[in-house]
Amino acid sequence: MVRVRFAPSPTGPLHIGGLRTALFNYLYAKKHQGAFVLRVEDTDQKRKVEGSEEYIENCLAWCGLSPDESPNKGGKYGPYRQSERGQIYKNFINQLIDSDRAYYAFDTPEELDALRSTAEINNDRFMYCALNRDHLNNSLSMTKKDVEKRLEEGAYVIRLKVEPHKEIVVEDKIRGTIRVNSNEIEDKILMKADGLPTYHFANVVDDHLMEITTVIRGEEWLPSLPLHQLIYDAFGWTAPEFMHLPLILNPSGKGKLSKRDGDKNGYPVFPLAWDGKEGYKEKGFLPQAHLNYIAQLGWSIEEGKEIFSIEELIKKFAVGNIQKGGARFDYEKAKWVNQQHLANMSVAEIIDRFPVHLQQLKRVYTDVELVLALIKDRLVLLNDLEKESEVFLSYPKSYSEKGRKRLKKFDIEEVAHDLIEIVGTDEPNNYKELMAEKANEKGLGMGAYMQVLRFAVVGDLTGPDLIPLVAVLGKNVTVGRLERLIEYIND
Ligand code: GLU
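For every chain, the first residue of the written sequence is number 1, and numbering continues from 1 along that sequence. Only residues with pLDDT of at least 70 get local features here, since the model is predicted, and only at 80 or more are side-chain atom pairs given and counted; chain-wide, interface and lining totals rely on the full set of residues. Note that the side-chain values use all heavy atoms of the structure and ignore hydrogens as well as water.

## Side note on the sheet that holds strand S7 (residues 189-191)
Point 1. If DSSP finds at least two bridges between two strands, the strands pair. Each helix is a run of DSSP H or I of at least 4 residues and each strand a run of E of at least 2, with the numbering of both proceeding from the N terminus. Strand order in the open sheet formed by 3 strands is S3-S4-S7, with antiparallel pairing between adjacent strands. Looking along the sheet, the strands with just one partner apiece sit at the ends: strand S3 (102-105) and S7. Pairwise comparison of adjacent strand axes, ignoring direction, gives a mean angle of 45° for this sheet.
Point 2. In this sheet, strand S4 (residues 157-160) lies alongside S3 in antiparallel orientation, the contact comprising 4 bridges. By the bridge assignment, tyrosine 103 is partnered in S4 with arginine 159. Under this scheme, a helix contributes an axis fitted over its contacting stretch, all axes are lines through C-alpha atoms, and angles between N-to-C directions fall in the 0 to 180 degree range.

Encoded structure:
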């Protein structure tokens, strides 16, 4: 059975890149009828940010990416929060110590800093490894007695004993085979001085214990893969398969998509509001549209098609179509995708799912369906509902200068009077015919009547389909707006 995990560290809000990782894990799990696990990697107490674990869960819930196992939901491989798995890591690190695959190291941070500085002066990089470990303070270089004494004193870390001159071969499903010489890998710390595991150690132990079959994560973890392989080897475990997803780049293509760039150019990089800043939800994105867009970051789903439901994404998910190179983020495209999803939604569905956005309209119209049918195709974001509703809720607050200039060639007042007569005495079905008659009589084009009517109702020359709009507004409102226009013209 396929088992995948999304393993965020609660060190802040969930970035678009993180959400894409969660999405791809979810798609892969669903495609293979597997399990999607949420594991919270919170062993770095210093970087933990209050509220971020809850935030991450809320984001997944908004998007409908609900985990099969998680800290809240539980499951038979729990606990799913690494901070609650301390004893497990202790037991496993002891195994590595006993089998001579890991060792205690007592070097102080100051001693290591000094070594780093000296290396830097010589244009070199200090690496704790087979070449120098015998000259440093650790259980491999000290007598048993000294080691016991230092262990009693308590300040120590545990490092992986990396065997030199070995070729490490790892496989990434997206990038293929990667070969690294073990001489390039440091004796990495597995257990920190505070008794907690490092990311690398906890990650490998948990992926093994939770029987994860496929690790799908961001490209930034690719350089750690050989080290992880060494930890699997040290335990004699078989590693899961790996997929490292391409970076998400700023719209310029220069550098990783950053919050700073988002702030500067007015687009969010988080699904939900964080720290007083709007996320995609608050901007008015539909969760399914947001997922549809981010699925395309690094995945060419299908030639010539861009709009997919989550079910289609599950069906189509194929590792072979995931690109290696970075994927450029494009906010305009994200909005366009949202617009397509809104257009594809039925009026009833919008009313049902987003009642809050329609509150104002509901106060005035018993039949909001009619209104929504007229503006649905004009919506890019859900929040546009407010702006698009205005015309149904109040007379124009202003008249566009451009419209006024365009209409100058007609006697607006005369046309408006004719329109008042038509609207006041007849039914919307007949408006067009009556306008055509009047236009003919006055030697004007039909356009004059349509444009003046639109200008009176909307205050501009664009807007929803005119006759149905006027029908929804009703006689009184329409006549009132025509009268207002006459006042304005004469002002
Ligand atoms: N905790 C890591 C992160 O926040 C997870 C990396 C992984 O998936 O192995 O990115």
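So much for the structure itself; the text now carries on.
## Quick notes on the nonpolar core
Point 1. What makes a nonpolar core is a set of buried Ala, Val, Leu, Ile, Met, Phe, Trp, Tyr and Cys residues whose side-chain atoms join them at distances within 4.5 Å. Only protein chains enter the area calculation, which uses a 1.4 Å probe; residues under 20% of their type maximum are buried, those over 50% are exposed, and those in between are partly exposed. The biggest cluster of nonpolar side chains holds 108 residues, and the ones touching the most others in it are Phe24, Leu27, Leu65, Trp299, Phe329 and Phe392.
Point 2. Considering each element in turn, this core owes the most residues, 9 residues, to helix H1 (residues 16-31).
Point 3. Leucine 27 has contacts with Trp299, Ile310, Leu313, Ile314 and Phe317, leaving out every residue within four places of it along the chain.
Point 4. Membership of the second largest hydrophobic core comes to 39 residues, among which are Tyr80, Phe92, Val204 and Phe242. Between two residues, a contact is recorded if the distance between any of their heavy atoms is within 4.5 Å.

## Some words on the pairing of strand S9 (residues 241-245)
Point 1. Counting buried positions along S9 gives 4 out of 5 residues, so the element sits mostly inside the fold.
Point 2. Bridge count for strand S8 (residues 214-218) against S9 is 5 bridges, and the pairing is parallel. Note on S9: the bridge partner recorded for isoleucine 216 is methionine 243.
Point 3. Handedness of a crossover is defined as follows: with both strands directed away from the viewer, a clockwise route from the first strand across the helix to the second makes it right-handed. Between the parallel pair S8 and S9, the chain is carried across by helix H7 (residues 225-235), and the sense of this crossover is right-handed.

## Structural notes on the site of the ligand
Point 1. We call a residue near a molecule or strand whenever a single non-hydrogen atom of that residue lies within 4 Å of it. Lining the immediate environment of the ligand, one finds Arg5, Ala7, Pro8, Ser9, Glu41, Tyr199, Asn203, Arg217 and Trp221.
Point 2. At 2.9 Å, a side-chain N or O of serine 9 approaches a nitrogen atom of the ligand.
Point 3. By the criterion applied in these results, polar contacts are pairs of N or O atoms within 3.5 Å in which, for protein atoms, one can donate a hydrogen and the other can accept it, and in which residues neighboring in sequence qualify only through two side-chain atoms. Between the ligand and glutamate 41 there is a distance of 2.6 Å, counted from a nitrogen atom to a side-chain nitrogen or oxygen.
Point 4. When the residues that make up the shell around the ligand are grouped by side-chain class, the tally is 4 nonpolar, 2 polar and 3 charged. All amino acids are sorted into three groups, where Ala, Val, Leu, Ile, Met, Phe, Trp, Tyr, Cys and Pro are nonpolar, Asp, Glu, Lys and Arg are charged, and the leftover types, Gly among them, are polar.

## Structural notes on the side chain of histidine 341
Point 1. In this fold, histidine 341 is placed in helix H12 (residues 331-344).
Point 2. Judged by relative accessible area, histidine 341 falls into the buried class, the value being 9%.
Point 3. When near neighbours in sequence (up to four residues on either side) are disregarded, histidine 341 contacts Leu286, Gln288, Ala289, Asn292, Ile307 and Phe308.

## Here's the deal with helix H21 (residues 466-473)
Point 1. Burial analysis of H21 places 6 of its 8 residues in the buried class, the great majority of the element.
Point 2. Buried within H21 we find Leu466, Ile467, Leu469, Val470, Val472 and Leu473.
Point 3. Of the surrounding elements, those touching the buried residues of H21 are helix H15 (368-375), helix H16 (384-393), helix H19 (428-442), helix H20 (446-458) and helix H22 (475-490).
Point 4. Phi for glycine 474, located one or two positions after H21, is positive at around 90°.

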